[in-house]
Amino acid sequence: MSGASPLQVETRLGTRTASAADRSQARVVFRYVCGLLDAVPMLRALVVRRTASAVELRGNVVIEVLTCSYRSTRGYAFAAVIADECAFWKSEDSASPDVEVLNAVRPGLATIPGSLLVAISSPYSRKGALWQAYKNHYGRDGDPVLVWRADTRSMNPTVPEHVIADAVATGEPAARAEWLAEFRSDLEAFVSREVVEAATVPGRRWLQPVQGTRYFGFTDPSGGGQDSFTVAVAHVEERQGQRVAVLDYVGERRPPFSPEQVAAEYAEVLKAYGVTTVQSDRYAGEWPVEVFARHGITVEQSAAAKSDLYRELLPLLNSGRCELLDHPKLHAQLLSLERRTARGGRDSIDHPPNAHDDVVNAAAGALVTASTVAREPGMLTYMRIVNERHQCGLDPWKWD
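Residues numbered from 1 in each chain as written. Predicted model: local features only at pLDDT ≥ 70, side-chain atom pairs only at ≥ 80, totals over all residues. Heavy atoms only, no water.

## Description of unusual backbone geometry
How we decide: Secondary structure elements are defined from DSSP: runs of H or I of at least 4 residues count as helices, runs of E of at least 2 residues count as strands, and each element is numbered from the N terminus.
Across the junction of Pro255 and Pro256, the peptide omega takes the value 5°, indicating a cis bond. Tracing the chain through its elements places Pro256 in the loop between strand S11 (242-253) and helix H9 (259-272). The phi angle at Ala181 is positive, at roughly 60°, despite the residue not being glycine. Its place among the elements puts Ala181 in the loop between helix H7 (173-180) and strand S8 (187-189).

See the structure below:
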């Protein structure tokens with residue numbers, strides 16, 4: 001299992017398509033395809049026409065490069081599908097895009113006798129399509145599915161041995177996965193799909209504010225770079241002797257955007273729920289405090305690190321003391337969270353490489369804040385005084 005970029009290459013009868021995780025990687029794949037065609041005179045003679053993303057060959061064959069999507073791979077008859085670096089496919093709409101994309105192409109493969117599905121990838125965590133194929137088929141004589149596992153030097157002897165030795169000597173599981181084709185033992189799924197589905201109220205996109213209910217807000221600000229600017233609102237209800245944290249609202253603005261304008265929009269949402277103080281962390285610096293203050297919202301940058309928020313959210317989910325909105329991106333980000341164990345034994349919870357957790361961070365912050373304050377009456381009184389002083393135009397943090 002080896003490879004260089006997360007992409008999917010599909011070969012259809014009449015059309016051959018290469019799908020990558022993003023457009024830049026798709027262009028890299030397409031250049032490889034064109035280079036191979038140009039380097040072999042027999043193949044070069046088959047080229048009829050070229051466009052920016054496709055090559056048409058004689059015999060009604062087209063080689064295309066697309067971004068990886070379970071939607072764009074439907075409706076074709078495939079002679080072969082090559083899924084490159086499928087262990088690293090990411091999607092904002094799904095927690096398991098590798099499984100969904102491969103499921104989408106299998107009907108197309110079934111229409112042509114002798115069609116072939118090939119997955120090529122460095123291993124990553126012990127989940128997903130690659131791990132299941134390895135677990136179910138590796139080393140089994142007579143199995144119709146062949147799984148080939150090999151280290152880097154076996155696949156490419158030109159790689160200097162000292163480079164691999166130096167990397168593996170660090171003892172990091174990431175190095176062993178990259179160079180020795182070992183699935184990482186330090187990564188585990190944070191929460192199961194069954195738990196998330198049980199906590200979700202189907203069809204509930206958001207809840208209207210209810211008079212007399214105390215709401216709590218959390219924001220994960222972004223200055224407009226690669227991350228989204230998110231906000232969430234939650235409250236706590238007493239049900240049969242236990243407190244249930246309920247997610248009322250989740251807002252997301254993806255870049256590009258004006259931070260000032262988004263803060264103004266979120267301020268109106270927060271005020272509709274009676275929230276004038278929101279929690280946040282310090283990673284965005286001081287600008288969120290200043291921007292929200294201009295719109296009548298106090299940002300308290302005292303929230304725990306997001307790994308700690310996720311850790312506190314987990315018992316709420318597992319015990320049924322939490323209700324989530326029916327929000328696809330929230331679910332995808334929550335299910336993609338990974339628990340990592342460092343060499344010292346300490347766990348951390350975060351999103352996978354090249355992924356995002358802006359939506360789930362805001363939701364977790366609001367739910368944990370609501371649950372914590374409701375559990376500690378002293379904290380509830382403290383927060384009420386802070387809000388009242390702010391509404392009276394007094395400094396909420398300087399008490400007489």
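Structure's up, so let's keep going.
## As for the sheet that holds strand S16 (residues 347-350)
Note the threshold: Paired strands, in this sense, are two strands between which DSSP finds at least two bridges. In this analysis, axes come from line fits to C-alpha atoms, helices being fitted only over the stretch in contact, and the angle between any two N-to-C directions falls in the range 0 to 180 degrees. A contact between two residues is defined here by any heavy atoms of the two lying within 4.5 Å.
If you trace the three strands from one edge of the open sheet to the other, you get S8-S15-S16, paired in antiparallel fashion. In the strand order of this sheet, the two ends are held by S8 and S16, each with one partner. For this sheet, the mean angle separating the axes of adjacent strands, direction not counted, is 30°. Contacting strand S15 (338-341) and S16, helix H11 (residues 306-318) runs over the sheet at an angle of about 95° to S16.

## Focus: the packing of aromatic side chains
Counted only if it meets this: For Phe, Tyr and Trp, rings pair up if their centres lie within 6.5 Å, where Trp contributes its six-membered ring, and each pair is then called stacked (planes under 30 degrees apart), edge-to-face (over 60) or tilted (otherwise). Exposed residues in this analysis have more than 50% of their type's maximum accessible area, buried residues have under 20%, and partly exposed residues fall in between, with area computed by a 1.4 Å probe over protein chains only.
Within this structure, the stated rule accounts for twelve aromatic pairs. Aromatic side chains Phe88 and Tyr124 sit 5.2 Å apart centroid to centroid with 45° between the ring planes, which places their arrangement in the tilted category. Here Phe88, found in the loop between strand S6 (78-84) and helix H3 (97-110), pairs with Tyr124, found in the loop between strand S7 (116-120) and helix H4 (128-137); they are 36 residues apart in sequence, far enough to count as distant. The exposure class of Phe88 is partly exposed, given its relative accessible area of 26%. By relative accessible area, which is 4% here, Tyr124 ends up buried. Ring centres 6.1 Å apart and planes at 50° place the aromatic pair Phe229 and Phe257 in the tilted group. Taken together, the residues Phe229 in strand S10 (residues 229-239) and Phe257 in the loop between S11 and H9 connect sequence positions 28 residues apart. For the pair Phe229 and Phe257, a shared accessibility class is recorded, and that class is buried. Of the aromatic side chains, those joined through ring pairs into one cluster are Phe229, Phe257, Tyr266, Trp287 and Phe292.

## Digging into the sheet that holds strand S14 (residues 322-323)
The six strands lie next to each other as S13-S12-S9-S10-S11-S14, forming an open sheet whose pairing is mixed. With partners counted over all chains shown, the strands left at the sheet margins are strand S13 (298-300) and S14, one partner each. Here S10 pairs with S11 via eleven bridges, running antiparallel. Pairing of Phe229 across the sheet is with Arg253, part of S11.

## Some words on the confidence of the model for the protein chain
The criterion, for reference: Confidence of the prediction at every residue is given by pLDDT, a number between 0 and 100.
Per-residue confidence for the protein chain averages 84 on the pLDDT scale, and 84% of its residues sit at or above 70. Ignoring residues within four places in sequence, the model shows residues 1-15, a span with pLDDT below 50, making 95 contacts including any to other chains. Within the model, the stretch residues 377-387 combines pLDDT values under 50 with 20 contacts to residues more than four positions away or in other chains.

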